[in-house]
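# Inside the fold
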Amino acid sequence: MATWVITGANRGLGLEFAKQLIAEGHTIIAGVRNPETMGFHHEQMIVYQLDVASTTSVETFAKNVKSSVSSIDVLVNNAGRMDGRWQSLEEVDPDLSLEVLNVNTIGPLRVSQALWPLLQGEKPTKVANISSLMGSIDDCMSGRSYAYRTSKTGLNMITKILAVEGQPDNITVTSYHPGWAKTDMGGERAPVPASVSVQGLIGLIQEQTADRSGRFFEYTGEELPW
Ligand SMILES: NC(=O)c1ccc[n+]([C@@H]2O[C@H](COP(=O)([O-])OP(=O)(O)OC[C@H]3O[C@@H](n4cnc5c(N)ncnc54)[C@H](OP(=O)(O)O)[C@@H]3O)[C@@H](O)[C@H]2O)c1
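Please read all numbers here as calculations on a predicted model, not as lab measurements.

### Observations concerning unusual backbone geometry
- Positive phi is not limited to glycine here, since R144 has a value of about 60°.
- Mapped onto the secondary structure, R144 falls in the loop between β5 (125-130) and α4 (146-166).
- When the 16 C-beta atoms within 10 Å are taken as the criterion, R144 is described as partly exposed.
- Notably, N170 is not glycine yet its phi reads approximately 60°, a positive angle.
- Note that N170 resides in the loop between α4 and β6 (171-177).

Structure (structure tokens):
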């Protein structure tokens, strides 16, 4: 059984990750912005405060994780936020855009940096970055959503850079699109149940070997263009 760190594990896809992995017998370290909002508790799960937008919070989180385990097998950078969605050039708010980039792009970089020593070692370990098809430059047909799209494009570049840096340590790093999934972010009209999306993602992450590092996949297993 493996030790998985999941960011943003109190609701949506993050909570679904925690529940499905616990059912498989894994140990979960949940990073949650407001731990009092964590309605689900289990003896296989430890919950620590984590705001991925704050370097101080990420450093404290990493210290807490290191006090609990000597290594981790998988880091899932799942925490993310919207930007108001479909904002045109006229509507886009530059200050809000910086906050979105801080959470969605720099957040996963901060957490990866802080937990990297726990991923390093002989055995293969993994970072799974939960990105979005909206970050695909090739797929940007409908425009708009400057901040969210750019934040996920940036995250995809961080995936690629970390994948190169992780090679000597057997750390693989891959970006995933969870589909349009039914969560607070995805909304009621989303066609993919969160459970189906996460089941697909877990299967792919479990098969994440060196040949898949530095690449971008949908929860179905289809490879996506950058
Ligand atoms: N649902 C979709 O259709 C869809 C599609 C493509 C990509 N994604 C990506 O999938 C991931 C999960 O999305 P979701 O649908 O589960 O969204 P969600 O239901 O809105 O949940 C977002 C999670 O991220 C956490 N979070 C936000 N800002 C944070 C911060 N600064 N520090 C720590 N945690 C923070 C939230 O915590 P709080 O409760 O404290 O706010 C919450 O746990 C995101 O990266 C999203 O961009 C989702």
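### A look at the sheet that holds strand β4 (residues 74-77)
- Here seven strands make up an open sheet; going across it, the order is β3-β2-β1-β4-β5-β6-β9 and the pairing parallel. Strands with a single pairing partner mark the edges of an open sheet, and in this sheet they are β3 (45-49) and β9 (216-218). When the angles between neighbouring strand axes are averaged without regard to direction, this sheet yields 20°.
- Here β5 runs beside β6; their pairing, made up of six bridges, is parallel. When the bridges of β6 are listed, I130 appears paired with Y176.
- Relative to the sheet, helix α1 (residues 12-23) contacts β1 (3-7), β2 (27-32), β3, β4 and β5, its axis offset from that of β1 by approximately 165°.
- Helix α3 (residues 94-119) contacts β1, β4, β5 and β6 of the sheet and is inclined by roughly 175° relative to β4.

### Describing the site of the ligand
- Around the ligand, a shell composed of 30 residues is seen, among which G8, G12, G80, T183 and G186 lie nearest.
- Looking at the shell around the ligand element by element, the count peaks at three residues for α1.
- Across the shell around the ligand, the residue classes tally to 12 nonpolar, 13 polar and five charged.

### Observations concerning the packing of α3 against α4
- In contact at an axis separation of 8 Å, α3 and α4 are set at 20° when each is read in the N-to-C sense. With respect to their mutual orientation, α3 and α4 come out roughly parallel. For the crossing formed where α3 meets α4, the hand is right-handed. Residues L96, S97, V100, L101, N104, T105, P108, L109 and S112 of α3 touch α4, and the partners they reach there are Y146, A147, Y148, T150, S151, K152, G154, L155, I158 and L162.
- Here the residues of the contact of α3 with α4 are counted per class, giving 11 nonpolar, seven polar and one charged.

The rules behind each value
Residues numbered from 1 in each chain as written. Predicted model: local features only at pLDDT ≥ 70, side-chain atom pairs only at ≥ 80, totals over all residues. Helix = DSSP H or I, 4+ residues; strand = E, 2+ residues; numbered from the N terminus. Buried ≥ 20, exposed ≤ 12 C-beta atoms within 10 Å, placed from the backbone. Pairing = 2+ DSSP bridges. Axes fitted to C-alpha atoms, helices over the stretch in contact; angles between N-to-C directions. Contact = placed C-beta atoms within 7 Å. Near = placed C-beta within 6 Å. Nonpolar A, V, L, I, M, F, W, Y, C, P; charged D, E, K, R; others polar. Parallel < 35°, antiparallel > 145°, perpendicular 65-115°, else oblique. Left-handed = near helix turned anticlockwise from the far one by under 90°.

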